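Residues per chain are reported as follows:
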Amino acid sequence: MTNMSSQFINDLFSLEGKTAVVTGGTGVLGGMMARGLAQAGAQVAIVGRRREKAEEVAATLRADGYSAVAAPGDVMDRAQMDTLRDQLTGEWGKIDILLNAAGGTTPEATVPADKTIFDMSLDAMRHVIDLNLIGTVIPSMVLGEAMAQHKTGCIVNISSMNAQRALTRSPAYSAGKAGIDNFTRWMAVELASKFGEGLRVNAIAPGFFIGDQNRALLLNPDNSLTTRGQKIIDHTPAGRFGNPEDLIGALIWLCSPGARFVNGTVIMVDGGFNAFSGI
């Protein structure tokens, strides 16, 4: 096709008429990505354990003219995810997009500068690995099954630079996110080979973005860089942390018809961090 119209390009990246479920939609990054999906035309369900926060995010989107509903639920609870699926498919008919943005870590599952891995709680490590990996697997199984029934759907998981590089202090989070990378590739093969090419599973690996959980690690109270924050900037060719909206372009592309032959990939959105050797 040589003479592609602007309408063809618009349609290629449009999500008009699609339905999207966003786990972790009450967080900074998840909330921004939910907004991006809504801006591209999708009807969005905001999933989070905090009902009031989910309703607040959905209400803000609706106030701005987008289609959004709150769908409170715990990604670690299979029964809650089953209920959520039944409610949404009952209202929408089908689910087109699942964004697995739920995850995180805890101080107990990190290694402070004055400690070693041998001091870390195994229970805390299990919790963080489960939250990130199993918290992605359960929604993918439950909502992916609904997609498989229609032989179409797109799952996007959220990985991390911690899965790509051995970063200090975060062994549990790193292990959980590394598991997501492998699960992304495995699930992509499973769904496409058994249910057809209309099922796709990919992941986005964000670089360093400021959120509630890492703010104190990267920024001082006066917003100047901590020692760790400065090291990250020194190893990021873009010379800055990511802004939440920097994730929207990759997300919309992966969910759109423009990426219909893209499956089992992990897209880095990191300002060049992973490519830089430090020299």
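Just so it is clear, the model here is predicted, and its values are computed rather than measured. (Residues numbered from 1 in each chain as written. Predicted model: local features only at pLDDT ≥ 70, side-chain atom pairs only at ≥ 80, totals over all residues. Heavy atoms only, no water.)

Draft legend 1. Fine view of the nonpolar core. The biggest cluster of nonpolar side chains holds 33 residues, and the ones touching the most others in it are Leu37, Val44 and Ile204. At the level of secondary structure, the elements contributing two or more residues to this core comprise strand S1 (19-23), helix H2 (28-39), strand S2 (43-47), helix H3 (51-63), strand S4 (97-100), strand S5 (153-158) and helix H10 (248-255). The greatest single-element share of this core, amounting to six residues, is contributed by H10. Residue contacts for Ile204: discarding those within four places in its chain leaves Val156, Asn157, Ile158, Ser159, Leu247, Ala250, Leu251, Leu254, Ile267 and Val269. (Core = buried A, V, L, I, M, F, W, Y, C linked by side-chain atoms within 4.5 Å. Buried < 20%, exposed > 50% of the residue type's maximum accessible area, 1.4 Å probe, protein only. Helix = DSSP H or I, 4+ residues; strand = E, 2+ residues; numbered from the N terminus. Contact = heavy atoms within 4.5 Å.)

Draft legend 2. A look at the environment of Leu15. Its place among the elements puts Leu15 in the loop between helix H1 (6-12) and S1. Each C-alpha atom of the pair Leu15 and Asn263 lies 18 Å from the other, and the pair is 248 residues apart in sequence. Leaving out residues up to four positions away in the same chain, Leu15 has contacts with Leu37, Ala40, Gly41, Ala42, Ile97, Ile252, Cys255 and Ser256.

Draft legend 3. Local environment of the sheet that holds S1. Here we have seven strands laid out as an open sheet, ordered S3-S2-S1-S4-S5-S6-S7, and parallel in their pairing. In the strand order of this sheet, the two ends are held by strand S3 (68-70) and strand S7 (266-269), each with one partner. Looking at each pair of strands side by side, their axes are set apart by 20° on average, direction ignored. Summarising the sheet, S1 and S2 pair through five bridges and their orientation is parallel. When the sheet's bridge partners are listed, Val21 is paired in S2 with Ala45. Contacting S2 and S3, H3 crosses the sheet at an angle of about 165° to S3. Against the sheet, helix H4 (residues 78-92) makes contact with S1, S2 and S3, and its axis sits at roughly 160° relative to S2, the strand it touches most. (Pairing = 2+ DSSP bridges. Axes fitted to C-alpha atoms, helices over the stretch in contact; angles between N-to-C directions.)

Draft legend 4. Spatial organisation of the environment of Phe208. Mapping Phe208 onto the fold places it in the loop between strand S6 (199-206) and helix H8 (215-218). Judged by relative accessible area, Phe208 falls into the buried class, the value being 15%. As for Phe208 and Val269, which are separated by 61 residues in sequence, their C-alpha atoms are 9.1 Å apart. Those residues in contact with Phe208 that lie beyond four places of it in its chain are Met161, Leu167, Ile232, Phe241, Gly242 and Phe273.

Draft legend 5. Spotlight on H3. Its 13 residues place the ends of H3 18 Å apart at the C-alpha level, agreeing with the 18 Å of an ideal helix rising 1.5 Å per residue. The complete set of buried residues in H3 reads Ala54, Val57, Ala58 and Leu61. All buried residues of H3 project into a common sector of 95° when viewed along the axis, lining one side. In this structure, H3 carries Glu52 and Ala63 as exposed residues pointing more than 90 degrees from its buried face. Buried positions along H3 lie against H2, S2 and S3. Immediately beyond the C-terminal end of H3, within one or two residues, lies Gly65, with a positive phi of roughly 95°. (Expected span 1.5 Å × (residues − 1). Arc of directions from axis to C-beta.)

Draft legend 6. Representation of the pairing of S1 in the model. In terms of burial, S1 is largely enclosed, as five of its five residues are buried. Side chains of S1 alternate between two faces, with Thr19, Val21 and Thr23 and Ala20 and Val22 buried alike. Between the parallel pair S1 and S2, the chain is carried across by H2, and the sense of this crossover is right-handed. In this structure, S1 lies alongside S4, joined through four bridges in parallel fashion. Across the sheet, Val21 pairs through a bridge with Leu98, a residue of S4. (Right-handed = clockwise from strand over helix to strand, strands pointing away.)

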